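Commentary on secondary and tertiary structure
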Amino acid sequence: MNTSLTDTLTDSGSSPAAGKTVLITGGTSGIGAATARLLLGRGHRVAVTGRDPGRLKAFLDEVGHADRVLGLVADASDWDATNTAVAGTVERFGSLDAAVANAGGASADHFGTGGADVMAGGDPQLWAPMVLANVLGPALLAKATLPHLERSRGRLVLVGSVAGIKNSPGNLYSATKWAVVGFAENLRLHATARGVGVTVVNPGLIDTAFWHGQVPPIAMSPDSVAEAIGFALGRPAGVDLNTVTIRPVGQPV
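Predicted model, so just to flag it, every value in this text is computed and none were measured. (Residues numbered from 1 in each chain as written. Predicted model: local features only at pLDDT ≥ 70, side-chain atom pairs only at ≥ 80, totals over all residues. Heavy atoms only, no water.)

Assigned secondary structure in the protein chain consists of eight helices and seven strands. Every one of the 253 residues in the protein chain was classed for burial, and the buried ones make up 50%. Across the protein chain, contacts joining residues at least 24 apart in sequence account for 71% of those joining residues at least 6 apart. For the protein chain, the exposed surface amounts to about 11,100 Å²; the carbon and sulfur share of it is 55%. (Helix = DSSP H or I, 4+ residues; strand = E, 2+ residues; numbered from the N terminus. Buried < 20%, exposed > 50% of the residue type's maximum accessible area, 1.4 Å probe, protein only. Contact = heavy atoms within 4.5 Å. Areas by Shrake-Rupley, 256 points an atom, 1.4 Å probe, with all protein chains shown as cover.)

Below you can see the structure in the form of structure tokens.
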């Protein structure tokens, strides 16, 4: 496992006075990338993390807005890397107004079984990285960002899943997302007394690389989830939006 932040890929220009500073983990593809594009388009300053330097650089080259975007190589399940990414964001932009715990995914055997019943035939060697990214990652991001968010009266957004509110047989990925949903509520109880908002966004079927080429026919665009995250981040001071569940029309579960 990569245990440190290895590189900062953009460091040019000065940040504008207007807009918020938002850190997004796993921001080079899917929901994270869509959210970064949305926020940059609205004039905010955005830091994104990713584990692969090449993919991170390609995303930064494509997205533009070099004066308002920062790329950081970091493993979301590693404390030192996460803490350093947060510190680097604050150093570059001067403050932190929001963070989005988006990094995560499912192990390969969850796709081979259609996402269900890996207890029957899954490979336990594949599970640890998924559990660490999906469960430990949001907790580490909360730990690193809360002091800054308390100063800015900001918000932490956790990306959960419909799989975190609906069970399926033997689905460990689903269990990790139940953990995210539960953590969001106990984090809210802690953070609300400190002036920090907490939102968990639970997407249904989305057309992303998550599916490894097996995208369901009714999957919605990551842009739809990004809009929901943007809505949560745009709530007025004193308003805490706690849970957003978003599905494509036609998804019954």
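Now for the layout of surface pockets. Put simply, the second largest pocket is a space of about 370 Å³. Lining of the second largest pocket is provided by 19 residues; of these, Arg-153, Gly-154, Arg-155, Ala-237 and Gly-238 occupy positions nearest its centre. By residue class, the composition of the lining of the second largest pocket is seven nonpolar, six polar and six charged. (1 Å grid on protein atoms, 1.4 Å probe; cavity = no way out; pocket = protein on both sides within 12 Å on 5 of 7 lines; lining within 4 Å. Points joined across faces, edges and corners; volume = space filled by probe spheres on them. Nonpolar A, V, L, I, M, F, W, Y, C, P; charged D, E, K, R; others polar.)

Turning our eyes to something else, we now look at the confidence of the model for the protein chain. Low pLDDT means the predicted coordinates in that region are not meant to be read closely. Per-residue confidence for the protein chain gives a mean pLDDT of 88, with 87% of residues at or over 70. Note that residues 1-17 has pLDDT below 50 and, in this model, 49 contacts with residues that lie over four places away or in other chains. (pLDDT = per-residue confidence, 0-100.)

Moving on, we get to the pattern of salt bridges. Side chains that differ in sign of charge can pair as their charged atoms come close. According to the stated counting rule, one finds five salt bridges in the structure shown. The closest approach of N and O atoms between Glu-227 and Arg-42, which form a salt bridge, is 3.0 Å. Here Glu-227, found in helix 8 (residues 222-233), pairs with Arg-42, found in the loop between helix 1 (30-41) and strand 2 (45-50); they are 185 residues apart in sequence, far enough to count as distant. Residue classification places Glu-227 among the partly exposed residues on the basis of a relative accessible area of 41%. For Asp-61, the salt bridge identified is with Lys-57, shortest N-O distance 2.9 Å. A residue pair is termed a helical-turn pair when its members lie 3 or 4 positions apart in one helix, as Asp-61 and Lys-57 do in helix 2 (residues 53-63) at four residues. Relative accessible area serves as the criterion here: at 47%, Lys-57 is assigned to the partly exposed category. (Salt bridge = Lys/Arg side-chain N within 4 Å of Asp/Glu carboxyl O.)

Moving on, we come to helix 3 (residues 79-93). Over its 15 residues, helix 3 extends 21 Å from the first C-alpha to the last, a length consistent with the 21 Å expected when each residue adds 1.5 Å. Among the residues making up helix 3, those that are buried are Ala-81, Thr-82, Ala-85, Val-86, Gly-88, Thr-89, Val-90, Arg-92 and Phe-93. Buried positions along helix 3 lie against strand 1 (21-24), strand 2, strand 3 (69-73) and helix 6 (127-152). Positive backbone phi, approximately 95°, marks Gly-94, located one or two places after helix 3. (Expected span 1.5 Å × (residues − 1).)

Turning to the side chain of His-44, a few remarks are in order. Assignment of secondary structure puts His-44 in the loop between helix 1 and strand 2. Reaching out from His-44, the side chain makes a polar contact with the backbone nitrogen of Lys-20 at a distance of 2.9 Å. Excluding its chain neighbours within four sequence positions, the residues that come into contact with His-44 are Gly-19, Lys-20, Leu-39 and Arg-68. (Polar contact = N/O pair within 3.5 Å; in protein donor to acceptor, adjacent residues only side chain to side chain.)

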